[in-house]
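Coordinate analysis (summary)
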Amino acid sequence: MKEIFQFFSVVIIFSTVLTAQNLEPEMVYPDTLRSNNDSVYINSPKWDKELRLGISKADTINWGTYGYKEVYFEIWTDLDTIKIPHVNYPFEQLIKIPLVSSKDTTLCILRFQSITSNFDDNYVLKNQGKASFEIPEVYELANIILYLSECSKKTNNHPENTTYIKNLENHFGAFKNHKLIQILNKKCSNSDFWNTYYGFRENSLAFKFVEENLTYDTPYKHVYWDNSGIMGGQFRNMLYLIQDFAQQSNFREFYNQNIDFYNSLKERESKLLPINQMWDWIEKEFPQRMDSYKIIFSPLIDGSHSTQKFQKGFFKDPEFQESVMFINSTESIDSNLEYSEELKEGLMSGIVFTEIDHNYVNPTSDQHIQQIKSIFHNKDFWATKDAQKNYSSEYAIFNEYMTHSVFCVYITEHYPEKLANEIIDKRITLMERRGYPKFKVFNKKIITLMKDNPRTIFQSYDDILNAMKSII
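These numbers come from a predicted model, not from an experiment. (Residues numbered from 1 in each chain as written. Predicted model: local features only at pLDDT ≥ 70, side-chain atom pairs only at ≥ 80, totals over all residues. Heavy atoms only, no water.)

**Examining the environment of proline 363**
Definition in use: Where helices and strands are cited, they refer to DSSP runs of H or I of at least four residues and of E of at least two residues respectively, numbered from the N terminus. Under the scheme applied here, a residue whose accessible area is under 20% of the maximum for its type counts as buried, over 50% as exposed, and between as partly exposed, the area being computed with a 1.4 Å probe on protein chains only. Whether two residues touch is decided by their heavy atoms; if any such pair falls within 4.5 Å, the residues are in contact.
Counting through the fold element by element, proline 363 comes out in helix α15 (residues 358-365). On the accessibility criterion, proline 363 (22% relative accessible area) is partly exposed. Considering only alpha carbons, one finds proline 363 and lysine 312, 51 residues apart in sequence, at a separation of 18 Å. For proline 363, the contacting residues outside a window of four places in its chain are Gln288 and His358.

**Some words on the packing of helix α19 (residues 394-414) against helix α21 (residues 439-450)**
This is how the line gets drawn: To get an axis, fit a line to the C-alpha atoms, keeping to the stretch in contact for a helix; angles then go from 0 to 180 degrees between the N-to-C directions. Oblique is the label for any angle not under 35 degrees, not over 145, and not in the 65 to 115 range, which are roughly parallel, roughly antiparallel and roughly perpendicular in turn. Here is the rule for handedness: rotate from the far helix to the near one, and if that takes an anticlockwise turn smaller than a right angle the crossing is left-handed, while a clockwise turn gives right-handed.
Taken N-terminus to C-terminus, the directions of α19 and α21 make an angle of 50°; their axes are 9 Å apart at the nearest point. One element, α19, and the other, α21, form an angle in the oblique class. Here the hand of the crossing between α19 and α21 comes out right-handed. Facing Phe398, Tyr401, Met402, His404, Ser405, Cys408, Val409 and Thr412 of α19, the residues of α21 in contact are Phe439, Phe442, Asn443, Ile446, Ile447 and Met450.

**Regarding unusual backbone geometry**
Between tyrosine 89 and the following residue, proline 90, the backbone shows a cis peptide bond with an omega angle of 5°. Positionally, proline 90 belongs in the loop between β9 (80-85) and β10 (93-100). In this structure, glutamate 70 takes a positive phi of about 70° despite not being glycine. With relative accessibility at 68%, the residue glutamate 70 sits in the exposed group.

**Topic: the environment of glutamate 70**
Secondary-structure assignment places glutamate 70 in the loop between β7 (60-65) and β8 (72-76). Put simply, glutamate 70 and leucine 430 are 360 residues apart on the chain and 46 Å apart in space, counted from C-alpha to C-alpha.

**A word on the sheet that holds strand β12 (residues 130-134)**
The test is simple: Pairing between two strands is assigned when DSSP locates at least 2 bridges connecting them.
Spatially, the four strands line up as an open sheet ordered β12-β15-β17-β16, and their pairing is mixed. The open sheet has two edge strands, β12 and β16 (306-312), and neither has a second partner. Across the sheet, the mean angle separating the axes of adjacent strands is 15° when strand polarity is ignored. Bridge analysis of strand β15 (residues 292-298) against strand β17 (residues 320-328) gives seven bridges, and the strand direction is parallel.

**Structural notes on the packing of helix α14 (residues 341-356) against α19**
The contact between α14 and α19 brings their axes to 10 Å, and the two run at 135°. Regarding the angle of α14 to α19, the classification is oblique. The two elements α14 and α19 cross, and the hand of that crossing is right-handed. Every residue of α19 that contacts α14 at Gly346, Ser349, Gly350, Phe353 and Thr354 is listed here: Thr403, His404, Val406, Phe407, Tyr410 and Ile411.

**A closer look at the pattern of salt bridges**
Here is the rule we go by: Any Lys or Arg side-chain nitrogen located within 4 Å of an Asp or Glu carboxyl oxygen qualifies as a salt bridge.
Overall, the coordinates contain 20 salt bridges when judged by the stated rule. A salt bridge links aspartate 31 to arginine 34; its shortest N-O distance comes to 3.9 Å. Judged by relative accessible area, which is 37%, aspartate 31 ranks as partly exposed. Judged by relative accessible area, which is 27%, arginine 34 ranks as partly exposed. The closest approach of N and O atoms between lysine 176 and glutamate 169, which form a salt bridge, is 3.3 Å. Its relative accessible area of 33% is what places lysine 176 among the partly exposed residues. Under the relative-accessibility criterion, glutamate 169 is labelled partly exposed at 29%. Residues joined by salt bridges that share partners form a network here, namely Arg268, Asp334, Glu341 and Lys344.

**Details of the side chain of serine 152**
Rule in force here: Here a polar contact means two N or O atoms within 3.5 Å. Within protein one must be a hydrogen donor candidate and the other an acceptor candidate, and residues neighboring in sequence count only if both atoms are side-chain atoms.
The topology assignment puts serine 152 in helix α4 (residues 150-154). Residue class for serine 152 comes out buried when judged on its relative accessible area of 2%. In terms of polar contacts, serine 152 uses its side chain to reach the side chain of histidine 158, at 2.6 Å. In contact with serine 152, other than residues within four places in its own chain, are Leu146, Tyr147, Asn157, His158 and Tyr197.

**Things to note about helix α3 (residues 137-148)**
Operational definition: A helix is expected to span 1.5 Å for every residue after the first.
With twelve residues, α3 should reach 16 Å at 1.5 Å per residue; the first-to-last C-alpha distance of 17 Å fits that figure. For α3, the buried fraction is high: twelve of the twelve residues fall into the buried class. For α3, every residue scored as buried is listed here: Glu137, Val138, Tyr139, Glu140, Leu141, Ala142, Asn143, Ile144, Ile145, Leu146, Tyr147 and Leu148.

**A closer look at helix α22 (residues 461-468)**
Our working rule: Throughout, the arc means the angular range of directions from the helix axis out to the C-beta atoms.
The set of residues buried in α22 consists of Tyr461, Ile464, Leu465 and Met468. On an axial view of α22, the arc spanned by its buried residues comes to 95°, and they lie on one face.

**Side note on the pairing of β8**
Pairing of strand β5 (residues 39-43) with β8, which is carried by three bridges, proceeds in the antiparallel orientation. Across the sheet, residue tyrosine 41 finds its bridge partner in β8, namely tryptophan 76. Bridge analysis of β8 against β9 gives five bridges, and the strand direction is antiparallel. Bridged to tryptophan 76 within β9 is threonine 81. Here β8 hands over to β9 after three residues, the two strands then running antiparallel side by side.

**A closer look at the layout of surface pockets**
Our working definition: Each cavity reported here is a set of points on a 1 Å grid over the protein atoms alone in which a 1.4 Å probe fits but cannot get out, each pocket an open set with protein on both sides within 12 Å along at least five of seven lines, and each lining residue one with an atom within 4 Å of a point. Grid points are joined across faces, edges and corners, and a volume is the space filled by probe spheres set on the points. Ten residue types, Ala, Val, Leu, Ile, Met, Phe, Trp, Tyr, Cys and Pro, are classed as nonpolar, four, Asp, Glu, Lys and Arg, as charged, and the remainder, Gly among them, as polar.
If you add up the space inside the largest pocket, you get close to 2,000 Å³. Around the largest pocket, the lining comprises 46 residues; the ones closest to its centre are Gly303, Ser304, His305, Tyr391 and Arg434. Going through the elements one at a time, α7 (193-203), β16, α13 (331-334), α14, α15, α18 (385-390), α19 and α20 (417-434) are the ones with two or more residues in the lining of the largest pocket. Broken down by class, the residue content of the lining of the largest pocket amounts to 15 nonpolar, 21 polar and ten charged.

**Some points on the nonpolar core**
Threshold: Here, nonpolar core means buried Ala, Val, Leu, Ile, Met, Phe, Trp, Tyr and Cys residues that are tied together by side-chain atoms lying within 4.5 Å of each other.
Counting residues in hydrophobic clusters, the biggest one holds 114 residues, and the most contacted among them are Phe200, Met402 and Phe442. Looking at this core, the element that brings in the most residues is α19, giving ten residues. Apart from residues lying up to four places away in sequence, methionine 402 is in contact with Val361, Phe442, Ile446, Ile457, Tyr461 and Ile464. Residues Phe73, Ile97, Phe112 and Phe314 belong to the second largest nonpolar core, which totals 25 residues.

Read these as spatial facts, not as claims about activity.
Take a look at the structure:
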């Protein structure tokens, strides 16, 4: 057998093509892969077994794999062998290889998927087993820009009349007519404004300042899939305008002037969020494991929370997994002067906990899809039409019930009964207001089932689902 093990710098011709995803190289192999027996074999390191395909059976063979670092394809016939490494990591890569047999010709397309993060070994070592609370500089820039636009107001999570916001208005008020703000106002004028809001806000995490320049150079390459069609989303799509706004408004000066304020918020956030306690408890109840938690927040957010998961390595067997949560600061809850510190802690914990536990509830629900579909088939019974706009499937509706109820189980085990009941009552009110009318009875059944139960929530999933049948 003639073996040809070569790398892209030698064997690949790059033809740069602008696609919806990124500036991606479409790579064309400069020769053909030949076969006498009309068969081609394809393998990649994490595949369970090699693929054997007939060259004459199709005009095109198209296969992809997860684009983790140092992954490659190996493709061979009875005559030739080539090895194709992923050199466009962490972005998508595509190569076309003509296959020629004695009977036919086939085009083989091999794809490496893009991935959303690029964690190196130093990052893993620094963050393994740790939780952090952060107000990243570029993230705060994104939130200031959104606050000045109509986007923040449309979320109904638009805090007002704080000292920080008054300082913001004084510093940035003259820039409300900046071209960037005008474009955001237009984008947020329709019903799809959430895509713009989240895509702009959360993809800012992929950028940092190097001196005075915004660079696409953090471990995060993509955070939120919006309608921009590119890695880095709405933020990357408007990068030149954002750069101009930051320079014209002296944003970095404002950020540095408020460092002490940001640090005080981070200290307060960490005090009211016992993240390690929540982390330890939920990983006793579920088999899934997370290696790092990062809580990203801003004093300009009064809701509109979300969470994203990132990893290093192959998705089925990751070397490192990190959950990033985007939440509000403690200022709104601290404004309730009648609340005790313990009540504030319990209520604030609910914000993070119900983001954390999607990483555990969702994969467990994946193993019970058919039961969930059967029990929650009458979606109008479980969720209002408004709630179904964001959570439209039986699976999504159940998970929303379940994540909030798991939080209530946690509360019963960590707070005195009277305080726990107060926190849970507020959670029931919240869920009913959000459009989940059966949450009170759903939650009571799970708390009753798990009380003094030696089995974990994961082990009790069948019992939990069966208990829901009596609600219908």
